[in-house]
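Here's the letter readout for the chains.
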Amino acid sequence: MKSTDPRIGYFDALAERWDGQEPSSQTMVTRLAEQSGLLALRPGDTLLEVGCGTGKTTGWLAERVAPGRVTAIDFAPAMVAKAQAKGIDADFACLDVCCDELGIGRYDVVLCFHSFPHFRDQPAALRSFARALRPGGRLIVMHLVGSEPLNRFHASMAGPVSVDRLPAGDQWGPLLSQAGLDPTQLIDREDLFFIEAVLAPRP
């Protein structure tokens, strides 16, 4: 079923100029590289990059997991088209994580980098991620800013993203548990948000 989420049109309209906006691809890749120890990506990992946008970080991720594979997805068709046009060695798809099937047990890592607040149904997205992870697989939600400044920023904006929020602190436990995910690490400071959860053993 085709989504009517107004955020899709919002981000489609930004796609043409997205690469020229901050944070730049270089800024994002530099900051990700600084947090390589946290990300703990390994050669051979299969990784789902959720909210890839125009592919600002997709190439870097693909290099980190090679000979594993990155599947990069976004719900905005114009963003995916821009990413695909760059010739990055990754697989691209236009998918909405709140309603589209991502596969069953396909990925070692699901990475939501700068995207989680924009999922209109966050519990549904988390359930979808849990289904897509292999046993022992990891979900990572990451932003280059903490939840408080990020949520203030979204609240100051016009359009559909003005109501988008990144859960903070104690909100994550119930959200993850209901999806069958166990949190293993949480960092929420002014310049970084990072949470990792692993797929709980199935009975």
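Anything mentioned here points back to the structure above.
Residues numbered from 1 in each chain as written. Predicted model: local features only at pLDDT ≥ 70, side-chain atom pairs only at ≥ 80, totals over all residues. Heavy atoms only, no water.

Draft legend 1. Representation of the pattern of salt bridges within the structure. Evaluation of the coordinates by the stated rule reveals 15 salt bridges. For Asp164, the salt bridge identified is with Arg7, shortest N-O distance 2.8 Å. Residue Asp164 is located in the loop between α7 (147-155) and α8 (172-178), and its partner Arg7 is located in helix α1 (residues 6-14); the two are separated by 157 residues in the primary sequence. A relative accessible area of 10% means that Arg7 is categorised as buried. In this structure, the salt-bridge partner of Asp108 is Arg134, at a minimum N-O distance of 3.4 Å. Taken together, the residues span a long stretch of sequence, with Asp108 in strand β4 (residues 107-113) and Arg134 in strand β5 (residues 133-143) at a distance of 26 residues. The exposure class assigned to Asp108 is buried, which follows from its relative accessible area of 18%. Where salt bridges share partners, they join Asp5, Arg7, Asp96, Arg120 and Asp164 into one cluster. (Salt bridge = Lys/Arg side-chain N within 4 Å of Asp/Glu carboxyl O. Helix = DSSP H or I, 4+ residues; strand = E, 2+ residues; numbered from the N terminus. Buried < 20%, exposed > 50% of the residue type's maximum accessible area, 1.4 Å probe, protein only.)

Draft legend 2. Looking closely at the nonpolar core. Of all hydrophobic cores here, the largest spans 30 residues; its most connected members are Phe129, Leu139 and Leu181. Apart from the residues lying within four places of it in its own chain, the contact partners of Phe129 are Val50, Val97, Leu102, Val110, Cys112, Phe119 and Leu139. Judged by nonpolar contacts, the second largest core, of 28 residues, contains Leu32, Leu41, Ala72 and Ala83. (Core = buried A, V, L, I, M, F, W, Y, C linked by side-chain atoms within 4.5 Å. Contact = heavy atoms within 4.5 Å.)

Draft legend 3. Examining the pairing of β4 more closely. Summarising burial for β4: seven of the seven residues are buried, a large majority. Of the strand pairs in this sheet, strand β1 (residues 46-50) and β4 are connected by four bridges, and their pairing is parallel. In the sheet register, Leu48 faces β4, and the bridge partner there is Val110. Pairing of β4 with β5 involves six bridges; the strand directions are parallel. The residue bridging Val110 from the neighbouring strand is Leu139, located in β5. (Pairing = 2+ DSSP bridges.)

Draft legend 4. Seen up close, the sheet that holds β4. Reading across the sheet, the seven strands line up as β3-β2-β1-β4-β5-β7-β6 and stay open at both edges, with mixed pairing between neighbours. Where the open sheet ends on each side, the last strands, each with one partner, are β3 (91-94) and β6 (181-189). Strand-to-strand, the axes of this sheet are offset by a mean angle of 15°, without reference to chain direction. Sheet analysis places β6 next to strand β7 (residues 192-199), joined by eight bridges and oriented antiparallel. Residue pairing for β7: Leu181 is matched across the bridge by Leu199. (Axes fitted to C-alpha atoms, helices over the stretch in contact; angles between N-to-C directions.)

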